[in-house]
Amino acid sequence: MSAAQQTIQVGGEWRPAVSGATRDIIDPVDADVFAVVSEGGVADTDDAVAAARAAFDDGVWPRTPVAERAALLRRVAALLERDREKIGALESRDAGKTLEEGRVDVDCVRDAFVYFADLVMNESGGRVVDAGNDEIHSVVVHEPVGVCALITPWNYPLLQASWKIAPALAAGNTFVVKPSEITPLSTVALIGLLMEAGLPQGAANIVTGAGDTVGARLAEHPDVDLVSFTGGLASGTKVARAAADTVKKVALELGGKNPNVVFADACATDEGFDTAVDQALNAAFIHSGQVCSAGSRLIVEESLRERFVAELARRAERIRLGRGTDPGVECGPLVSARQLARTEDYVASALAEGAVLRAGGERPDGPGYFYRPTVLDRCDRRMRVVREEVFGPVLTVETFRTEDEAVTLANDTEYGLAGAVWTADAGRARRVAGRLRHGTIWINDFHPYLPQAEWGGFGKSGTGRELGPTGLAEYREAKHIYQNLAPRPVRWFAG
């Protein structure tokens, strides 16, 4: 086991927790401790917010020219490229995902920094407003919101941190980031790269620690101007309540229960069938289903069900589990013992409620938090496993007979993050995509995203958006500047 790493950074200085507390980081492959980090608390959080506040109010970063801010983001992107293998391997071990998934995450993080650098460089200096009078100059400008609290999840720790950090810095903010206490290591590494790239001290601060202490304090802190949270619904509502007293800006991404709708005509050819089955596996089982946009609800046309589910189950049984850095491994473990127990509970409840097990449904022999990719047939909306987010390798199967029924089923969720429709009919594809109440809709695909396109959801999937121009706007305040070029008395009051 490693000596404790100082993972709290305040005002440019790495340090242990004020209390001296530490936390073991567990390798989910074998349940062994492979790192020890600082366990911050309220005092550390207050210190970090104070450093970010001073850096915003009196420091140079908010007043740094846009070209220099963009150049720093590009330097970070270059450092990520340099350290791709090292950080990808760290992400793989910390979160349990495959090495290739870790590498792809680093690439996506790099792309996010480049995108927001380009976005701010291509903006105009403000939006001129026509006041209908040549003696009035009126313009709307955008300024950084201030000190940002960024609270990130355990499933994509590096990627989710970048979706917040890159636009926050591009807009000229300072921040305190709190990564998940389960998977903090890649975010600690990213803060190190920001410092290496030359970010002024105090602009970026990190406190590693628990959500109910560090996260709660950030959400309620009077010197925090914005809180951006990605995680579960229950925690997100707590963040929103805590932030309400200080009326700070709040952005929440709270997960989803995402439908993958497959029409029979998408599988009319052998190639179409193979592609749809392959993508259904990817939708449900990438990173062991620990993905907010996982296609965990397969909604398949009734006439196709038996053939489709049989092949899906056959392939699911063949997925190779193991350590993500080992050759040939396709899927890693769940992130923790708690997540494994949660997944087992959902599968047990589904079977008790009448679901039919077609694949998986058990732990394999050996150590670690592994669970076999699981396919549950004959499911319906009365079942907990269909209504609630499992965040594990569990795919439920529902069926429909008509287009209207497919849309109704796909929208029958309190979430609304993402969904997909598979069909060979271009008109049907557009109709269904237009009717689905989810923030991202894929047609004949699943999972890809673009940094240029907004990401977020409807309903209980959250508020606000990440990525795209709106993702940058979340970290800004609009200011209207109205200039009278020829001031004169109004004479409203006689005097």
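### Points about the pattern of salt bridges
Right, on to step 1. Under the counting rule described, the total for this entry stands at 46 salt bridges.
Right, on to step 2. Between Glu-466 and Lys-164 there is a salt bridge whose closest N-O contact spans 3.0 Å. With a gap of 302 residues between them, Glu-466 in the loop between β19 (462-463) and α15 (468-473) and Lys-164 in helix α5 (residues 157-170) connect regions that are remote in the sequence. Both residues of the pair, Glu-466 and Lys-164, count as buried.
Right, on to step 3. Arg-305 is the partner of Glu-302 in a salt bridge, and the nearest nitrogen-oxygen pair spans 3.6 Å.
Right, on to step 4. Look at the salt bridges and you will find they share partners, linking Glu-81, Arg-84, Glu-85, Glu-100, Arg-103, Asp-107, Arg-110 and Asp-111 into a network.

### Focus on the sheet that holds strand β6 (residues 136-144)
Adjacent strands of a sheet pair through backbone hydrogen bonds, lying either parallel or antiparallel.
Right, on to step 1. One open sheet holds the three strands; their spatial order is β5-β6-β20, and the pairing between them is antiparallel. The two strands at the open ends of the sheet, each matched to only one other strand, are β5 (127-129) and β20 (476-484). Within the sheet, the average angular offset between the axes of one strand and its neighbour, ignoring direction, is 25°.
Right, on to step 2. Here β5 runs beside β6; their pairing, made up of three bridges, is antiparallel. Residue pairing for β6: Val-128 is matched across the bridge by Val-139.

### Quick look at the environment of Ala-78
Right, on to step 1. Note that Ala-78 resides in helix α2 (residues 66-82).
Right, on to step 2. On the basis of relative accessible area, Ala-78 is assigned to the partly exposed category, the value being 46%.
Right, on to step 3. The sequence separation of Ala-78 and Val-421 amounts to 343 residues, and the corresponding C-alpha distance is 37 Å.

### Description of the nonpolar core
Inside soluble globular proteins, nonpolar side chains tend to come together where they are buried.
Right, on to step 1. Counting 87 residues, the largest nonpolar core has Leu-80, Phe-113, Phe-116, Ile-165, Phe-175, Leu-194 and Phe-308 as the members making the most contacts within it.
Right, on to step 2. Ranked by the residues each element gives to this core, the list is headed by helix α4 (residues 99-121), at ten residues.
Right, on to step 3. Once you skip the residues sitting within four places of it in the chain, Phe-308 turns out to touch Val-262, Cys-267, Phe-273, Ala-276, Val-277, Ala-280, Leu-298 and Val-300.
Right, on to step 4. Core analysis: the next-biggest nonpolar cluster, separate from the first, contains 23 residues, Val-49, Ala-51, Val-239 and Leu-252 among them.

Calculation criteria
- Positions within a chain are numbered from 1, following the residues in the order the chain's sequence is written.
- Selection of residues for local features in this predicted model requires a pLDDT of at least 70, selection of side-chain atom pairs for listing and counting requires 80 or more, and totals for whole chains, interfaces and linings are taken over all residues.
- In computing side-chain properties, one takes all heavy atoms of the structure into account and sets aside hydrogens as well as water.
- Take a side-chain nitrogen of Lys or Arg and a carboxyl oxygen of Asp or Glu: if they are within 4 Å of each other, that pair is a salt bridge.
- By the criteria applied, helices consist of DSSP H or I runs no shorter than four residues and strands consist of E runs no shorter than two, each listed in order from the N terminus.
- Burial classes: relative accessible area under 20% of the type maximum marks a residue as buried, over 50% as exposed, and values in between as partly exposed (1.4 Å probe, protein chains only).
- Two strands pair under a simple rule: DSSP has to find at least two bridges between them.
- The angle between two axes is taken between their N-to-C directions and runs from 0 to 180 degrees, where each axis is a line fitted to C-alpha atoms and a helix contributes only its stretch in contact.
- For this analysis, a nonpolar core means a set of buried residues of the types Ala, Val, Leu, Ile, Met, Phe, Trp, Tyr and Cys, connected via side-chain atoms within 4.5 Å.
- Residue contacts are defined here by distance: any two heavy atoms, one from each residue, within 4.5 Å place the two residues in contact.

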